[in-house]
Amino acid sequence: MKLKSTLLLTISALLLIGMIVLEYRINGITDYSKSLLSDEQYDTLLSSHELMSTALVSDIYIDDQKLIYDVNDNTFYCSKTEGVDFEKIVIEKNQTNSAFEILGFNTIKAGIINDNKIILYNRDFISVSDFVISSLPFVNITVSADTVKDLGLDETYHIDYYTGAELTLYDNRVDFDGVSRTTTSDIKIHVRGGTTIYLPQKSYRITLIEDKNNINSANKKENLLGLRNDDDWILYSSYSDYEKVRNVFSMNLWNATSKGRNQWNVDACNEYVFVEAFFNNRYHGLYALGYPIDSKQLDRQEDESIIRKKDWTASEYAMDVEYNEDFGFDWIAGYYLQKGSSDAYYPIHDLLYAMAYSQDNDVIRSTVDMDNAIDLYLFYQLTQAYDNIYDTKVKNLFIINKPANNVWGYKLLLVPWDMDQTWGNRYVDGEGNHGISSYSMSTDYELPINWGPVPFLIKNGDDKIIDEVQTRYKELRDTIWSDENIDAILSSYEDDIYHSGAFERTMNRWPDGNYYDPVSELSDFKAFAQDRLNWMDEYVKGLH
């Protein structure tokens, strides 16, 4: 009886070992370190196998991450977490056609050469693919072949209207603490932007939904890259920015500068993280994933409305609202209703009017949150926000009416947006590539700012405003805007944009885009930012 039990245990153990071995053979599981091939081993495999033009199999995993295979370039892409070594490489569900093969005598095996080539081979054939290891997260958008055909989409994926698709995001953050680094969701997606929608590398608005086959299906929320738990996302392309950093740097700096610094403790900002994007596994370039300025960021209540200025119409000085036949309601020209009731145009107009025309400094102060207004004034001047404010005109600005104890019952909260024409770069007619000239504004260029509570108060001789601006500026220079912090921020972006290889890959993918000398990386931009801060020190000191 004892012998029989021992025999059964032995047989069970052998079966278990056999199943594990078979699993490893069928799925091609190999320790990553053991898959590293020497040049001699590689040469031997090449000389003894027939070379194929594309990968023998595309379903390859490294640890928990399925690699993205771009068949056009015969390239596998992998997102790596800093400081974490690869452990295993898996070829999922090896192609097997016979018992001879399934027992492991002709399964596909994987080898790695110099961490930049993936070698796949079986008894007869071999494929050699490029292997890209990036330090950035990946976003892969899958659009069905039927949709591509029906919409007549080319490789630029100019999707005019919300269209169903699927998003897969791989989160490689060091501090990731979720269940799975891979997030997959049905989405609806369309291009976003003004004139930039006609550029080859486009930006997109993405909404996570329950069913891609029904774009009206319920939205779903996910926390993507630790930004926020939401359904509404932006995939931002910096195609016309030479160093690919200005909008992300500026908006994230505004986030750090102003978040919660108002009487309502509202965020009044957004945030971006650099990623590399793919469409149907085809590499699409460096992007930034972020979220919009919306009701959540502005803590919008039922009686509050968000409006957005999209053009240079001087409506901040309008004597009254005007009727818009297309919309069917009164509005402030150039300010488009984003969320809420059009009734809010009346108090918002009255607040803008009082701000611009009142000779009473207390009245001007009561129209806005002054902490927010001072931050915005300094931020505009620091960044040279040429496409946001110029002299008495304003553009690319969100406004929301928040409750206040004044004659209107509201104050204005102001939020900048679209900061690509900053830090020296600006549109100059007939110059530059795609209308943008690199470093057209010098570091000592004083952006004319003659709209807003701060310049109005200075003009009116307010006895406190200059001291308030100078005090706040010193606070910022000692902390968020210090030389050390700005350099650290830009160094991290230099890693993201250049050291990840994404800048060069994007340049190869979209050669007609705007690109600064990649050898310089962000060195010239850092020098410009430092010189600009030095100029700001003297500018703020000399306010009167």
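Since we're looking at a predicted model, the values are computed, not measured.

Student: Got a minute to help me understand the overall build of the protein chain in this structure?
Tutor: A tally of helices and strands in the protein chain yields 14 helices and 29 strands. Once the C-alpha set of the protein chain is aligned to its principal axes, its extents read approximately 100 × 55 × 45 Å. Looking at the protein chain as a whole, 53% of its 544 residues qualify as buried. Considering only residue pairs separated by 6 or more positions, the protein chain has 69% of its internal contacts joining residues 24 or more positions apart. Carbon together with sulfur atoms contributes 49% to the accessible area of the protein chain, which is approximately 24,700 Å² in total. Each charge class in the protein chain was averaged separately, 49 positive and 87 negative side chains, and the resulting centres sit 5 Å apart.

Student: Would you mind going over the pairing of strand β18 (residues 272–279) with me for this structure?
Tutor: The two faces of a sheet get side chains in turn, since along a regular strand they alternate between them. Within β18, seven of the eight residues are buried, which leaves it mostly tucked inside the rest of the structure. Here strand β11 (residues 138–142) pairs with β18 via four bridges, running parallel. For Asn-140, the partnering residue across the bridge sits in β18 and is Phe-278. Taken together, the eight bridges between β18 and strand β19 (residues 282–290) define a ladder with antiparallel strand orientation. Looking at the pairing, Glu-276 lines up with Leu-286 of β19. In sequence, β18 turns back onto β19 through a hairpin of two residues, with Asn-280 there showing a positive phi of about 50°.

Student: Help me understand the pairing of strand β12 (residues 163–170) in this model?
Tutor: Most of β12 is tucked away: six of the eight residues are buried. In this sheet, β12 lies alongside β11 in antiparallel orientation, the contact comprising five bridges. Residue pairing across strands places Phe-138 opposite Tyr-170, the latter belonging to β12. Summarising the sheet, β12 and strand β13 (residues 182–192) pair through eight bridges and their orientation is antiparallel.

Student: Where do I start with helix α7 (residues 345–357) in this structure?
Tutor: Every α-helix carries 3.6 residues per turn, so stepping three or four residues along brings you back to the same face. Look at α7: 18 Å from first C-alpha to last across 13 residues, which is about the 18 Å you get at 1.5 Å a residue. If you check which residues of α7 are buried, you get Tyr-345, Pro-347, Ile-348, His-349, Leu-351, Leu-352, Ala-354, Met-355 and Ala-356.

Student: Hey, could you run me through the sheet that holds strand β4 (residues 65–66) in this one?
Tutor: Neighbouring strands of a sheet are bound in pairs by backbone hydrogen bonds; such pairs are parallel or else antiparallel. Spatially, β1-β7-β3-β4 is the arrangement adopted by the four strands of the open sheet, whose pairing is antiparallel. Single-partner strands in this sheet number two, and they are β1 (30–31) and β4. The sheet contact formed by strand β3 (residues 60–62) and β4 spans two bridges and is antiparallel. Its bridge partner lying in β4, Ile-62 is registered against Gln-65.

Student: How should helix α14 (residues 523–541) be read in this particular structure?
Tutor: In this model, α14 (19 residues) spans 27 Å end to end at C-alpha, consistent with the 27 Å of a helix rising 1.5 Å per residue. By the burial criterion, the buried members of α14 are Phe-525, Lys-526, Phe-528, Ala-529, Arg-532, Leu-533, Trp-535, Met-536, Tyr-539 and Val-540. Turning to α14, the residues buried within the fold contact α5 (246–258), α9 (370–383), α11 (465–478) and α12 (483–499).

Student: Whenever I open this one, the pattern of salt bridges confuses me. Can you help?
Tutor: Oppositely charged side chains can form a pair if their charged atoms are brought close together. Going through the model one piece at a time under the given rule, you end up with 33 salt bridges. Where Glu-304 meets Lys-402, a salt bridge forms, and the shortest distance between an N and an O atom there is 2.9 Å. With a gap of 98 residues between them, Glu-304 in the loop between α6 (295–298) and β20 (306–309) and Lys-402 in strand β26 (residues 397–403) connect regions that are remote in the sequence. The pair Glu-304 / Lys-402 is uniform in exposure class, with both members buried.

Student: Sorry, what's going on with the sheet that holds strand β17 (residues 232–236) here?
Tutor: What the seven strands build is a closed barrel, ordered β11-β12-β13-β14-β17-β19-β18; its pairing is mixed. Between one strand axis and the next, the sheet turns through 40° on average, direction left out of account. In this structure, β17 lies alongside β19, joined through three bridges in antiparallel fashion. Across the sheet, Ile-234 pairs through a bridge with Gly-290, a residue of β19. Running over the sheet, α5 touches β17, β18 and β19 and is turned about 145° from β18. Across the sheet, helix α13 (residues 502–509) touches β18 and β19, and the angle it forms with β19 is around 125°.

Student: Please clarify how the packing of aromatic side chains should be interpreted in this entry.
Tutor: Both the distance between ring centres and the angle between the ring planes are used here to describe each pair of aromatic rings. Across all of its chains, the model carries 30 aromatic pairs by this definition. Pairing Tyr-69 with Phe-76 gives two aromatic rings, centres 4.5 Å apart and planes at 35°, and the pair type is tilted. With respect to class, Tyr-69 is no different from Phe-76; both count as buried. When the ring of Tyr-157 is compared with that of Phe-279, the centres are 4.6 Å apart and the planes differ by 25°; the resulting orientation is stacked. Of this pair, Tyr-157 sits in the loop between α4 (145–151) and β12 while Phe-279 sits in strand β18, placing them 122 residues apart in sequence. Of the two residues, Tyr-157 and Phe-279, both sit in the buried class. One aromatic cluster is present, formed by Phe-249, Phe-274, Trp-423, Tyr-493 and Phe-525 through successive ring pairs. Seen from the ring of Tyr-515, Lys-244 lies directly overhead, with NZ or CZ sitting 4.3 Å from the centre.

Student: Explain the environment of Thr-163 to me, please; I cannot follow it from the model alone.
Tutor: Topologically, Thr-163 is positioned in strand β12. Judged by its relative accessible area of 11%, Thr-163 falls in the buried class. Along the primary structure Thr-163 and Asp-231 are separated by 68 residues, whereas in three dimensions their C-alpha atoms are 15 Å apart. Those residues in contact with Thr-163 that sit more than four places away from it in its chain are Thr-147, Leu-151, Ile-187, Lys-188, Ile-189 and Ile-215. Reaching out from Thr-163, the side chain makes a polar contact with the backbone oxygen of Tyr-161 at a distance of 2.8 Å.

Student: How should I be thinking about the packing of α5 against α9 in this particular structure?
Tutor: A packed helix pair is summarised by two numbers, namely the angle formed by the two axes and the spacing between the axes. Contact geometry for α5 and α9: axes closest at 11 Å, N-to-C directions at 150°. Between α5 and α9, the crossing angle belongs to the class labelled roughly antiparallel. For the crossing formed where α5 meets α9, the hand is right-handed. Of the residues in α9, those in contact with Ser-250, Leu-253, Trp-254, Thr-257 and Ser-258 of α5 are Asn-372, Asp-375, Leu-376, Phe-379, Leu-382 and Thr-383.

The rules behind these values
- Residue numbers run consecutively from 1 along every chain, following the written order of its sequence.
- Given that the model is predicted, a residue must reach a pLDDT of at least 70 before its local features are reported, and side-chain atom pairs must reach 80 or more before they are shown or counted; all residues, however, enter totals for whole chains, interfaces and linings.
- Hydrogens are left out, water is left out, and the side-chain values use all remaining heavy atoms of the structure.
- For the purposes of this entry, the term helix denotes a DSSP run of H or I that reaches at least four residues, the term strand denotes a run of E that reaches at least two, and both are numbered from the N terminus.
- Each residue's exposure class comes from its accessible area (1.4 Å probe, protein chains only) as a fraction of the maximum for that residue type: buried when under 20%, exposed when over 50%, partly exposed otherwise.
- Any pair of residues with heavy atoms lying within 4.5 Å of one another is described as a contacting pair.
- Calculation of accessible area relied on Shrake-Rupley with a 1.4 Å probe; when residues are assessed, cover is drawn exclusively from the protein chains displayed.
- Under the convention used here, Asp and Glu are negative, Lys and Arg are positive, and both His and the chain ends fall outside the count.
- Just so you know, the charge point we use is NZ for Lys, CZ for Arg, CG for Asp and CD for Glu.
- Being paired, for any two strands, means DSSP has found at least two bridges between them.
- One less than the residue count of a helix, multiplied by 1.5 Å, gives the span that helix is expected to have.
- Salt-bridge detection follows one rule: a side-chain nitrogen of Lys or Arg within 4 Å of a carboxyl oxygen of Asp or Glu.
- Axis angles are defined between N-to-C directions and span 0 to 180 degrees, where every axis is a line fitted to C-alpha atoms and, for a helix, only to the segment in contact.
- Any pair of Phe, Tyr and Trp rings, taking the six-membered ring for Trp, is counted once the centres come within 6.5 Å. Such a pair is stacked with planes under 30 degrees apart, edge-to-face with planes over 60 apart, and tilted for the rest.
- A ring has a charge above it when a Lys NZ or an Arg CZ is no more than 6 Å from the ring centre and no more than 35 degrees off the ring normal.
- Throughout this description, a polar contact denotes any pair of N or O atoms lying within 3.5 Å of each other; where both atoms belong to protein, one of them has to be capable of donating a hydrogen while the other can accept it, and for residues adjacent in sequence the pair is counted only when both atoms sit in side chains.
- For this classification, under 35 degrees means roughly parallel, over 145 means roughly antiparallel, 65 to 115 means roughly perpendicular, and everything else is oblique.
- Definitions for this section: a left-handed crossing has its near helix turned counterclockwise from the far helix by less than a right angle. A right-handed crossing has that turn clockwise.

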